[in-house]
Amino acid sequence: MTVHGTNDLRVENNVTYNIVGHCFFLEDGIEHGNEFVRNLAIQIKCHPTKQCVPYNLAANGEVDGNRQTIRQASLSGKDTLLPSDNTVSAFWITNPDNSFVGNVAAGSDENGFWLSLPEHPQGAFKDSEVSKAVWPRRTPLRAFRGNVAHSNFDGFMFDRNIYEDNTFGLATIPFLPLTNPLTWTATCGDALRELDQLQEPQWWSLEPGDLFVFSHLTLADNAIGMTPAAGDIGSSRFKTRLADSLVVGETDNIGNPVTPEEKAYGRSLPKRRIPDFPIRGYEYYDYRDDVVNTTFVNFQDNDRRKTGALSWLLFASSGVSTGSTISGAKFVRAKPVYFPKIDARFDNDNRVAWATGRSPSTTWTVR
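Each chain has its residues counted from 1, running along the sequence as written. In keeping with the model being predicted, local features are shown solely for residues with a pLDDT of at least 70 and side-chain atom pairs are shown and tallied solely at 80 or more, while totals for entire chains, interfaces and linings include all residues. With hydrogens and water excluded, all non-hydrogen atoms of the structure serve as input to the side-chain values.

Please explain the pattern of salt bridges as it appears in this structure.
Side chains that carry opposite charge are capable of pairing whenever their charged atoms lie near each other. By definition here, a salt bridge exists when the distance from a side-chain nitrogen of Lys or Arg to a carboxyl oxygen of Asp or Glu is within 4 Å. A complete count under the given rule lists 21 salt bridges for this structure. The closest approach of N and O atoms between Arg-10 and Glu-12, which form a salt bridge, is 2.7 Å. Given the relative accessible area of 27%, Glu-12 is considered partly exposed. The shortest N-O distance in the salt bridge between Asp-79 and Lys-78 comes to 3.8 Å. The class of Asp-79 is partly exposed, set by a relative accessible area of 34%. Each member of the salt-bridge network shares a partner with another, and the members are Arg-10, Glu-12, Glu-35 and Arg-38. Any residue under 20% of the maximum accessible area for its type is buried, any over 50% is exposed, and the rest in between are partly exposed; the area is computed with a 1.4 Å probe on protein chains only.

Honestly, unusual backbone geometry in this entry has me stumped. Any pointers?
Trans is the prevailing form of peptide bonds, just as negative phi is the prevailing case for residues other than glycine. Within the chain, Asp-8 stands out as a residue other than glycine whose phi angle is a positive 60°. Position of Asp-8 among the secondary structure elements: in the loop between β1 (2-3) and β2 (10-12). By relative accessible area, Asp-8 is classed as exposed at 58%. Residue Asn-298 is not a glycine yet carries a positive backbone phi of 60°. Residue placement: Asn-298 occurs in strand β21 (residues 295-299). Asn-298 gets classed as partly exposed once you look at its relative accessible area, which sits at 21%. Strands are runs of DSSP state E lasting at least two residues, helices are runs of H or I lasting at least four, and both sets are numbered from the N terminus onward.

Before we go on, may I ask you to explain the state of the cysteines in this structure?
Put plainly, two cysteines are in a disulfide when a covalent bond ties their sulfur atoms together. Only a pair of cysteine sulfur atoms within 2.5 Å counts as a disulfide in this structure description. Following the criterion strictly, the structure yields one disulfide and no others. The disulfide that involves Cys-46 links it to Cys-52, with 1.9 Å between the sulfurs. The S-S bond linking Cys-46 to Cys-52 shows a torsion near 90°; that makes this disulfide right-handed. Classification of Cys-52 as buried rests on a relative accessible area of 17%.

Just to check I follow, could you spell out the nonpolar core for this structure?
Soluble, globular proteins show a tendency: their nonpolar side chains are buried together. Formed by 41 residues in total, the largest nonpolar core has its most connected members in Phe-91, Tyr-282 and Phe-296. Residue assignment for this core shows that the elements contributing at least two residues are β4 (24-26), β6 (40-45), β7 (89-93), β10 (111-115), β14 (212-215), β19 (279-284), β21 and β22 (307-312). With three residues, the single largest contributor to this core is β7. Every residue pair with non-hydrogen atoms within 4.5 Å of one another is taken to be in contact. Look past the residues within four positions of Tyr-282 in its chain and what remains in contact with it is Met-226, Pro-228, Thr-240, Leu-242, Asp-289, Asp-290, Val-291, Phe-296, Ala-309, Leu-310 and Ser-311. The set of buried Ala, Val, Leu, Ile, Met, Phe, Trp, Tyr and Cys residues whose side-chain atoms join them within 4.5 Å is what this entry labels a nonpolar core.

Would you mind showing me how to read empty space enclosed by the protein here?
Where empty space is left becomes clear once a probe the size of a water molecule has been rolled over the atoms. Points on a 1 Å grid over protein atoms alone make up a cavity when a 1.4 Å probe fits among them but cannot get out, and a pocket when they form an open set with protein on both sides within 12 Å along at least five of seven lines; lining residues each have an atom within 4 Å of a point. Grid points are joined across faces, edges and corners, and a volume is the space filled by probe spheres set on the points. Under the defined criterion, the tally for this structure stands at one cavity of 30 Å³ or more. Roughly 40 Å³ of internal volume is contained in the largest cavity. Lining the largest cavity are Ala-220, Asp-221, Asn-222, Gly-225, Val-247, Val-248, Gly-249, Arg-280, Gly-281 and Phe-299. Breaking the lining of the largest cavity down by element, the ones donating at least two residues are β18 (246-248) and β19. Classification used: nonpolar for Ala, Val, Leu, Ile, Met, Phe, Trp, Tyr, Cys and Pro, charged for Asp, Glu, Lys and Arg, polar for all others including Gly. For the lining of the largest cavity, the per-class residue count stands at four nonpolar, four polar and two charged.

Would you explain the sheet that holds strand β16 (residues 224-226) in this entry?
Paired strands, in this sense, are two strands between which DSSP finds at least two bridges. Taken in spatial order, the three strands of this open sheet run β16-β19-β22, and their pairing is parallel. Two strands close off the open sheet at either side, each with one partner strand: β16 and β22. Sheet twist, expressed as the mean angle between neighbouring strand axes with direction ignored, is 30°. Pairing between β19 and β22: five bridges, direction parallel. Each residue of the ladder has a partner; that of Glu-283, found in β22, is Ser-311. To define axes, lines are fitted to C-alpha atoms, for helices over the stretch in contact only, and angles between the resulting N-to-C directions are given on a 0 to 180 degree scale.

I tried to follow the side chain of Asn-147 on my own but got confused; where do I start?
Position of Asn-147 relative to the elements: it lies in the loop between β11 (143-145) and β12 (148-150). Here the side chain of Asn-147 touches Gly-102 through a polar contact of 3.4 Å, landing on its backbone nitrogen. Identification of polar contacts relies on pairs of N or O atoms within 3.5 Å, with a donor-acceptor requirement for protein atoms, meaning one able to donate a hydrogen and the other able to accept it, and with residues adjacent in sequence counted only if both atoms are side-chain atoms.

Help me out: how do you make sense of the packing of aromatic side chains in this one?
For any pair of aromatic rings, geometry is given as the distance between the ring centres together with the angle between the planes. Classification of ring pairs rests on two measures: the distance between centres of Phe, Tyr or Trp rings, Trp counted by its six-membered ring, which must be within 6.5 Å, and the angle between planes, read as stacked under 30 degrees, edge-to-face over 60 and tilted in between. A full pass over the atoms with the stated rule returns 15 aromatic pairs. Plain terms: the ring middles of Phe-91 and Phe-100 are 6.3 Å apart, the flat faces sit at 90° to each other, and that makes the pair edge-to-face. Ring centres of Phe-277 and Phe-346 lie 5.1 Å apart, and the angle between their planes is 75°; on these two criteria the pair is classed as edge-to-face. Residue Phe-277 is located in the loop between α4 (260-265) and β19, and its partner Phe-346 is located in the segment after β24 (330-334); the two are separated by 69 residues in the primary sequence.

Is there a simple way to explain the environment of Glu-31 in this structure?
Of note, Glu-31 is situated in the loop between β4 and β5 (35-37). Glu-31 sits in the buried class, given a relative accessible area of 0%. Taking C-alpha positions, Glu-31 is 8.5 Å from Asp-8, a pair spaced 23 residues apart along the chain. Excluding anything up to four places from it in sequence, Glu-31 contacts Val-3, His-4, Gly-5, Thr-6, Asn-7, Leu-26, Thr-94, Asn-95 and Asn-98.

Sorry if this is basic, but what is going on with the environment of Asp-127 here?
Relative to the assigned elements, Asp-127 resides in the loop between β10 and α2 (129-132). Overall, the relative accessible area of 52% leaves Asp-127 in the exposed class. Among the polar contacts listed, one links the side chain of Asp-127 to the side chain of Lys-126, at a separation of 3.0 Å.

This is the structure in structure tokens:
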């Protein structure tokens, strides 16, 4: 379902299966006011017969070959219609001024929901007068609630904005919504950017932006439940706040064990090729984060892998603020904090860089 240069369309109650390329697709980033309601996307593939060459590269232990060669192959589009199809998504979202309510993304080779926002609309609208007045990265999210993503590589990708040359940024400001997207000031103002529309999504692994409030989330059975990335280089009073949510390390759903390690363990592992990958619920990363009134369940070490409810991104090129907080947390059968040893197999985009603190002191108090 491609929505191209079209506004105020309602796409509702559709079931799709065995799709090649992005499934529900806002093409150029000019599209606004459209509603995607109760749609089901199942088994989304990068290519009919070939594997994905994803731009959101996996950890070293999951990658065969040279990273830069893989990344270049991803962007070439040689085996896909669009370079972004190599990191295929059930819902490809290029303008946040659209509504997504009650949709399900199930079994995508790569992403369930991907917000990849251009600075201005591209494609047929590139450099047009109307395009110059549209700023997707500064536009508030219209509605995003009740959506579910499961059995995808990444449930929700809020990063890797698309550029004009069809490459994807790893360090651009991903999403700083303003009351008036046509204006930009150095301070922007906290009230202009704070969001609370992202309510009640389930079974996600997240990478968001800046000054966001995520409330009533359920995150479960992930290698890492949530790793929020910053938008404006640490100048905000907080970057991301996770509130009133539930984070579960392992549920009773054992999945579909395939490898010898999984069969011996008795359940699917979130990183099949790295069976000892330490699962964690929330990773502090990229300046200040707050976790408020959130419950962590079933984060316990065993012979297969270590774990912890709270941790940090092991390999990062950005500072981790010691001003980050946690309050009102509950730990049920959960080890509260775990900082794994540096292991090159766990490294991903940043290639053996690691985070540094950015405040004078820090105190971890877990009750």
